[in-house]
Amino acid sequence: MAGNGIENTDGDFSFSAAAARDALPRITTEKGAKSVDVCHDDTASRVNFQTIDELHSLQKKRSAPTTPRKEGGGLVMGTSGPTTPSSRDTMLQSVSASLASLTRETGPKLIKGDPTSAAKVAHVPHTPTSVPAADVSDSGLKFTHILHNLSPAELYEQAIKYEKGSFITSNGALATLSGAKTGRSPKDKRVVKDETTAAELWWGKGSPNIEMDEQTFLVNRERAVDYLNSLDKVFVNDQFLNWDPENRIKVRIVSARAYHSLFMHNMCIRPTPQELENFGTPDFTIYNAGKFPCNRYTHYMTSSTSVDINLGRREMVILGTQYAGEMKKGLFGVMHYLMPKRKILSLHSGCNMGKEGDVALFFGLSGTGKTTLSTDHNRYLIGDDEHCWSNAGVSNIEGGCYAKCIDLSREKEPDIWNAIKFGTVLENVVFDEHTREVDYNDKSVTENTRAAYPIEYIPNSKIPCVGPHPKNVILLACDAFGVLPPISKLNLAQTMYHFISGYTALVAGTEEGVKEPRATFSACFGAAFIMLHPTKYAAMLAEKMQAQGATGWLVNTGWSGGSYGSGSRIKLAYTRKIIDAIHSGSLLNATYQKTEIFGLEIPNEVEGVPSEILEPMNAWEDKEAYKDTLLKLAGLFRNNFETFTSHKIGDDGKLTEEILAAGPNF
Ligand SMILES: Nc1ncnc2c1ncn2[C@@H]1O[C@H](COP(=O)(O)OP(=O)(O)O)[C@@H](O)[C@H]1O
Ligand SMILES: C=C(OP(=O)(O)O)C(=O)O
Ligand SMILES: [Ca+2]
Ligand SMILES: [Mn+2]
């Protein structure tokens, strides 16, 4: 017998599911039925939608005035829209002008919004229709969608949907891959040499400015613009640089990746909806076509990567590298040109301020501790990397921080650790494929893993990021030779000598085994970014430090008790104590002794730091090896400074002489 029941041992059906079902009260689905209250009639409740599409349309509220309108499927350039152009029209016209091909003299047809969400648009004749027939190409017929100043959430979705290697990590950050290049490419940087820049900029030996002519720039620009216009969609960021309102620069970044757009969203100053509405024409534009290589048949191109700056046209073109830091540091170079023209000093430094308003600058090359030491739980963070020093005080150029994450730990760097959350871009880190927990010790992709986050992710950041004149100027050197003292007080001439030298020594890649530390000298602690001769910046720094009575310090954040391999890196906790003593002013009252050769004043005591490490020789077991290493480093300093001996620093002949004498004596 067929049935739904469970058969009993005696062959009877004692329990029938069908019977049980029949035993339940009937469910009434008739409208208006009042008898049964266990079940609601779905259609009876008050709903604001009739279809799934309508339901979905309720989910998203219109927000800022810049939110793309959904009706009509986005806005199209060149349509006969409302009679008074909206800010959207203005924006699209402006972006179209930015993306215009210089040989075809027309901007592309643009639509605001994502191609998948915007409705299909019928053929719309583009603005000036009188394009010569010979110039007509398929590229002129297609539309490019503009994703203008998207929010982090929207950029996350774009990255995760369309960019391989984009994932949400367990802390909420967006993990991305920068591709083949995981660091900057200084050898591929070119600056257009025209009549003006030939006279103004620093060219030749030691200069980061490798020349390129205007024509070649235009070839690369066209390559980048054509690549971008060939895409279905491009990202456009309109943002600001410099928190000093009088010297704010408007920048536009056109890029192909959500990763780049979110990176710049975090790193530049974010406009308010009102400011974005009135943005107008940018002062400087970046075309980031980093996925696409340059053409090596092009004059001046020595690889498939090219980062080109044209100060006259106020444009930068990136081809053949997706490393996002290239954009931030490219703009920094531009500021190193624009700001000194206004008698403002641009600085490759971190900056923070104490509760009493005492400001400190932290100069240093990559990896020396600008970001780590300016991010200090007891002080207000003004910025970690790029600043201006004007007659009014200091201002951060950026709106975010770009911290190294290799070996990052919650204990040692809690503020940076906590800043890695939703909105933060995590570059080239490795994470567990299931839990998505990041392993900050993993160097599989690169040693240069990074986190880019808005500065307000640091709880004690100072918004707006400006402050009074600096009281302390701290020069950081990560000395892998292990011979520079952990802390020394500098007079003005010594400060200038070390500023112009810009020394650090890092260790070679660990994979290839322990190698000799390699000394790097980078003028003004940022030769890769300066545009003018180093002595121009040095003269401004000397003048400002003198006028404000600021004190210079040299802090070795590198090795102690031996070079890399035998000694060990100075504990971050000790360096923090040293920095605390500088900030509090207690180090000014310490007793000092002078070191041999470099003539540095070193304190006999610093609270919280073992005194035996303050004089580097004490920490070395092999005193002969120490002396040899010290002499070796002194020789490298002397050789490096030779190119500067024929230059005058400012109008002060006496200071110039003192600076020359402030180097090592042997
Ligand atoms: N004594 C120390 N002082 C400063 N940083 C240290 C020290 N010891 C180790 N570090 C590490 O060195 C790195 C310094 O890098 P970072 O602050 O990003 O430099 P910068 O901003 O100048 O490029 C960080 O990863 C930090 O944890
Ligand atoms: C992004 C950079 O900055 P830093 O290493 O100084 O933090 C860089 O030099 O590429
Ligand atoms: Ca940094
Ligand atoms: Mn830096």
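Presented here is a report on the structure given in the accompanying data block. Each chain carries its own residue numbering, running from 1 in the written order of its sequence. Starting at A for chains and at 1 for ligands, labels are handed out in the order in which the entities are written. Given that this is a predicted model, residues contribute local features only at a pLDDT of at least 70 and side-chain atom pairs are listed and counted only at 80 or more, while totals for whole chains, interfaces and linings are drawn from all residues. Calculation of side-chain values draws on the structure's entire complement of heavy atoms; hydrogens and water are dropped beforehand.

## Thoughts on the packing of aromatic side chains
Thought 1: Each pair of aromatic rings taken from Phe, Tyr and Trp, with Trp reduced to its six-membered ring, is defined by centres within 6.5 Å and is described as stacked if the planes are under 30 degrees apart, edge-to-face if over 60, and tilted in the remaining cases. Applying the stated criterion to the full structure yields 20 aromatic pairs.
Thought 2: Look at Y497 and F637: their rings are 6.2 Å apart centre to centre, the planes differ by 20 degrees, and that puts the pair in the stacked class. Here the residue Y497 occupies a position in helix α12 (residues 492–501), and F637 occupies one in helix α16 (residues 623–641), the gap between them amounting to 140 residues. This pair shows no difference in class: Y497 is buried, exactly as F637 is.
Thought 3: The side chain of K193 reaches across the aromatic face of W203, ending 4.9 Å from its centre.
Thought 4: If you follow K355 out to its NZ or CZ, it ends over the ring of Y380, 5.8 Å from the centre. Each helix corresponds to a stretch of at least 4 residues labelled H or I by DSSP, and each strand to a stretch of at least 2 residues labelled E; elements are numbered beginning at the N terminus. For the exposure calls, accessible area comes from a 1.4 Å probe over protein chains only, and a residue counts as buried if that area is under 20% of its type's maximum, exposed if over 50%, partly exposed in between. A positively charged side chain is recorded as over a ring if its NZ (Lys) or CZ (Arg) lies within 6 Å of the ring centre. The angle to the ring normal must also be within 35 degrees.

## So, the site of ligand 2
Thought 1: Here a residue counts as near a molecule or strand whenever at least one of its heavy atoms sits within 4 Å of it. Near ligand 2 the following residues occur: R184, K328, K329, H348, S366, K370, D385, Y402, K404, R450 and F529.
Thought 2: Between an oxygen atom of ligand 2 and a side-chain N or O atom of K329, the distance comes to 2.6 Å.
Thought 3: In the model, an oxygen atom of ligand 2 is placed 3.5 Å from a nitrogen or oxygen of the D385 side chain.
Thought 4: Charged means Asp, Glu, Lys or Arg here, nonpolar means Ala, Val, Leu, Ile, Met, Phe, Trp, Tyr, Cys or Pro, and polar covers whatever is left, Gly included. Here the shell around ligand 2 is built from residues that sort into two nonpolar, two polar and seven charged. Two N or O atoms count as a polar contact when they lie within 3.5 Å, although within protein this holds only if one can serve as hydrogen donor and the other as acceptor, and sequence-adjacent residues are included solely when both atoms are side-chain atoms.

## Here we look at the sheet that holds strand β6 (residues 210–212)
Thought 1: For two strands to count as paired, DSSP must find a minimum of two bridges between them. In space, the nine strands of this open sheet follow the order β1-β2-β7-β8-β9-β11-β10-β5-β6, with mixed pairing throughout. Each edge of the open sheet carries a strand with a single partner, namely β1 (109–112) and β6. Sheet twist, expressed as the average angle between the axes of neighbouring strands with direction ignored, equals 25 degrees.
Thought 2: Packing against the sheet, helix α6 (residues 214–230) makes contact with β2 (143–148), β5 (189–192), β6, β7 (233–241), β8 (249–255), β9 (284–289), β10 (306–310) and β11 (315–319), and its axis sits at approximately 65 degrees to β11.
Thought 3: Here, two residues are considered to be in contact whenever any of their heavy atoms come within 4.5 Å of each other. Only C-alpha atoms enter the line fits that serve as axes; for helices the fit covers just the stretch in contact. Angles between N-to-C directions range over 0 to 180 degrees. In this fold helix α9 (residues 325–341) packs onto β7, β8, β9, β10 and β11, with an angle of close to 155 degrees to the strand it touches most, β11.

## Considering α16
Owing to its 3.6 residues per turn, the α-helix aligns residues three or four sequence positions apart on the same side.
Thought 1: Given a rise of 1.5 Å per residue, 19 residues ought to cover 27 Å, and the 27 Å separating the end C-alpha atoms of α16 matches this to within 8%.
Thought 2: Within α16, burial applies to Y626, T629, L630, L633, A634, G635, F637, N640 and F641.
Thought 3: The secondary structure elements touched by the buried residues of α16 are α12, β25 (503–506), β26 (518–521), α15 (616–619) and α17 (653–661).
Thought 4: Of the residues that open α16, the one with a side-chain oxygen 3.2 Å from the backbone nitrogen of E624 is D622. For a helix, the expected span equals 1.5 Å multiplied by the number of residues minus one.

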